[in-house]
Number of protein chains: 2
Amino acid sequence: MSTVATPARRNGVEIAKLFATLDAVKAQPEAARFRFSVDNRWISGTHNQNRISTFYGVGAEQRHSATFSIEADHPAVLVGEDAAPTPAEILLSALASCLTSGLGNIAAVRKITLTSVESRVEGDIDLRGILGLSGEVRNGFSQIRVSFRVRGDAPPAKLRELVQQAVDRSAVYDVLTHGVPISVDVATS
Amino acid sequence: MSTVATPARRNGVEIAKLFATLDAVKAQPEAARFRFSVDNRWISGTHNQNRISTFYGVGAEQRHSATFSIEADHPAVLVGEDAAPTPAEILLSALASCLTSGLGNIAAVRKITLTSVESRVEGDIDLRGILGLSGEVRNGFSQIRVSFRVRGDAPPAKLRELVQQAVDRSAVYDVLTHGVPISVDVATS
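Everything in this summary refers to the structure shown in the same document. Because the structure is a prediction, the values reported are computed rather than measured. (Residues numbered from 1 in each chain as written. Chains lettered and ligands numbered in written order. Predicted model: local features only at pLDDT ≥ 70, side-chain atom pairs only at ≥ 80, totals over all residues. Heavy atoms only, no water.)

## What about the overall build of chain A?
Where we set the bar: Only DSSP runs of H or I with at least four residues qualify as helices, and only runs of E with at least two residues qualify as strands; both kinds are numbered from the N terminus onward. Throughout, radius of gyration means the C-alpha value; the globule benchmark is 2.2 Å times the number of residues raised to the power 0.38. Relative accessible area decides the class of each residue, using a 1.4 Å probe on protein chains only: under 20% of the type maximum gives buried, over 50% gives exposed, and in between gives partly exposed. Note on contacts: a residue pair is in contact if any heavy atoms of the two residues lie within 4.5 Å. Per-residue and other accessible areas were derived by the Shrake-Rupley procedure at a 1.4 Å probe size, with only the shown protein chains allowed to occlude residues. For this count, His and the chain ends are skipped, Lys and Arg are scored as positive, and Asp and Glu as negative. Charge positions are represented by NZ for Lys, CZ for Arg, CG for Asp and CD for Glu.
Counting its secondary structure elements, chain A contains four helices and eight strands. The order of α-helices and β-strands along chain A, N terminus first, is β-β-α-β-β-β-α-β-β-α-α-β. The C-alpha radius of gyration of chain A comes to 20 Å, more than 25% above the 16 Å expected for a compact globule of 189 residues. Sorting the 189 residues of chain A into buried and exposed places 53% on the buried side. Counting only contacts in chain A whose residues sit at least 6 apart along the sequence, the fraction spanning at least 24 positions is 48%. Total accessible area on chain A is roughly 8,100 Å²; 49% of this is exposed by carbon and sulfur atoms. Here chain A contributes 20 positively and 20 negatively charged side chains, and the mean placements of these two sets differ by 9 Å.

## As for empty space enclosed by the protein
Here is the rule we go by: Buried and open spaces are told apart on a 1 Å grid over the protein atoms alone, a cavity being a set of points where a 1.4 Å probe fits but cannot get out and a pocket being an open set with protein on both sides within 12 Å along at least five of seven lines. Residues with an atom within 4 Å of a point are the lining residues. Grid points are joined across faces, edges and corners, and a volume is the space filled by probe spheres set on the points. Ten residue types, Ala, Val, Leu, Ile, Met, Phe, Trp, Tyr, Cys and Pro, are classed as nonpolar, four, Asp, Glu, Lys and Arg, as charged, and the remainder, Gly among them, as polar.
One pass over the full model with this rule turns up one cavity of 30 Å³ or more. Reported here for the largest cavity is a volume of approximately 40 Å³. Tallied by class, the residues present in the lining of the largest cavity amount to two nonpolar, two polar and four charged.

## Details of the interface of chain A and chain B
Let me state the cut-off plainly: Take the accessible area each of two parts loses on contact, using a 1.4 Å probe, and add the two losses: that sum is the buried area. We define a salt bridge as a contact between a side-chain nitrogen of Lys or Arg and a carboxyl oxygen of Asp or Glu at a distance within 4 Å. Pairs of N or O atoms within 3.5 Å make up the polar contacts considered here, provided that, within protein, one atom can donate a hydrogen while the other can accept it, and that residues adjacent in sequence are counted only when both atoms are side-chain atoms. We treat two strands as partners when DSSP finds at least two bridges between them.
If you look at the interface, chain A gives 128 residues, while chain B gives 128 residues. Together, the buried faces of chain A and chain B total about 11,300 Å²; carbon and sulfur atoms form 60% of this surface. Across the chain A-chain B interface, the total number found is six salt bridges. A salt bridge links B:Arg120 to A:Asp39; its shortest N-O distance comes to 3.0 Å. For the pair chain A and chain B, the interface holds 76 residue pairs in polar contact (both at pLDDT 80 or more). Of the residues contributing to the side of chain A that touches chain B, the split by class is 61 nonpolar, 40 polar and 27 charged. Pairing geometry for strand 7 (residues 143-152) of chain A and strand 8 (residues 182-187) of chain B, over six bridges, is parallel. When the sheet's bridge partners are listed, A:Ser147 is paired in strand 8 of chain B with B:Asp185.

## A word on the nonpolar core
Worth spelling out the cut-off: Residues belong to a common nonpolar core when they are buried Ala, Val, Leu, Ile, Met, Phe, Trp, Tyr or Cys residues joined through side-chain atoms within 4.5 Å.
In this structure, A:Leu176 and B:Leu176 are the most contacted members of the largest nonpolar core, which totals 96 residues. Filtering out sequence-adjacent residues up to four positions away, B:Leu176 remains in contact with A:Leu91, A:Val175, A:Leu176, A:Gly179, A:Val180, A:Ile182, B:Leu91, B:Leu95 and B:Ile144.

## Digging into the pattern of salt bridges
Under the defined criterion, the tally for this structure stands at 22 salt bridges over all chains. In this structure, a network of salt bridges that share partners links the residues A:Asp39, B:Arg120, B:Glu122, B:Asp124 and B:Arg145.

## Description of the sheet that holds strand 6 (residues 114-126) of chain A
Selection criterion: Axis angles are defined between N-to-C directions and span 0 to 180 degrees, where every axis is a line fitted to C-alpha atoms and, for a helix, only to the segment in contact.
Strand order in the open sheet formed by six strands is 5(B)-4(B)-3(B)-6(A)-7(A)-8(B), and the pairing between neighbours is mixed. The open sheet is flanked by strand 5 (60-72) and strand 8 of chain B, the only strands paired with a single partner. Across the sheet, the axes of successive neighbouring strands diverge by a mean angle of 15°, strand direction being ignored. Two elements, strand 6 of chain A and strand 7 of chain A, share ten bridges in a ladder whose sense is antiparallel. Bridge pairing in strand 7 of chain A places A:Asp124 opposite A:Gln143. Here helix 2 (residues 87-109) of chain A sits on the sheet and contacts strand 6 and strand 7 of chain A together with strand 3 (33-44), strand 4 (47-57), strand 5 and strand 8 of chain B; the angle it forms with strand 3 of chain B, its principal contact strand, is near 30°. This element, helix 3 (residues 156-168) of chain A, spans strand 6 and strand 7 of chain A together with strand 8 of chain B of the sheet and lies at about 140° to strand 7 of chain A.

## Considerations on the packing of aromatic side chains
Residue and element names in this part refer to chain A. Inclusion rule: Only rings of Phe, Tyr and Trp enter the pairing, Trp through its six-membered ring, and a pair is recorded when the two centres are within 6.5 Å. The plane angle decides the type: under 30 degrees is stacked, over 60 is edge-to-face, the rest tilted.
According to the stated counting rule, one finds six aromatic pairs over all chains in the structure shown. Where Phe 34 meets Phe 55, the ring centres are 6.0 Å apart and the plane angle is 15°; that geometry is what we call stacked. Of this pair, Phe 34 sits in strand 3 (residues 33-44) while Phe 55 is found in strand 4 (residues 47-57), placing the two residues 21 residues apart along the sequence. An angle of 35° between the planes, with centres 5.7 Å apart, marks the rings of Phe 36 and Phe 55 as tilted.

## Quick word on the relation of the copies chain A and chain B
The cut-off we apply is this: Least-squares superposition aligns the copies on the C-alpha atoms of those residues with pLDDT at or above 70 in both.
By a simple turn and slide, chain A fits onto chain B: the slide is 0.0 Å along the axis, the RMSD is 0.0 Å, and the turn is 180°. The superposition operator between the copies reduces to a two-fold rotation axis. Within chain A, the C-alpha atom positioned nearest to the axis of rotation is that of A:Gly179, 2.3 Å from it. The residues that chain A uses at the interface reappear at the interface of chain B in 100% of cases, marking a shared surface.

Fair warning: the whole summary comes from geometry, so function is off the table for now.
Have a look at this one:
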């Protein structure tokens, strides 16, 4: 009789740690209260930089392994210097990444070994909104389309279910489809 | 009698080009139809990479000055390798950047010279949603807070109005507060 050992990792995910995290949060729900934050500074024109270094979670302030930087700019056709992606493209990146990060974890839990996961996210936007040239056009995307290509050691239906579960448990997908309250305050000194 | 020349740039914004862009879009509204996109590939676990290289606008496919990359990962406490910011933090970056890019342009049009613009964006999230541990908790942020500090050669009320106008004309703020339809399709071969 042969035995099949459960691997410590699948798809790069430490499976025991994933289940331990779930158990820890079940035992202590307040550990699940997180606060993420970014600090942005204007550089010039439409060019600016976000720095990401700490977050709150598991009951304490946490520090990332490094201070991450995400810059943004407008392209030349939108009066920028094209030094970095546009904020709109950064938003689409957040969506692609949230779905893909979730998919990696979900596949590991379902014992599916992934070969490759690729996706393309497109968003349609009529810039007459943000340019203030039409009161009938919204400022943001009118529609976003996500196309996944997933390969792994499971039948197509199971691979498609991974994407569906990633959608059903995505923080970014939820916020983009349902909206979120945003407060804005300003200091001038 | 002294004359005050209009500068070619204010806050790093080419003012004549900004007005020329507005005139061009007024004359040809279809030039304002843009499509932004990102291509994401899974690396391992929760780690993945977005590449941003082209977009459609002004009636043609456009190429950025470079292929930009935005990576994402989960931190160690969320079973990742902490190789990059989380998708949630990338989303907050998109919001901070969109408001700040807009503010740079708006200040230039209003002849306000900015000294500095800093902002912090925070988002509260209860991870029991995405972990599937509570049916009463949403997946995404429950609230986002934006705090700006703006300095420039205008009275505080005028500086606060810049932020308000940036909010009123922000693509990302609109999508995050009002939501957007998202379609998802999956290929498995």
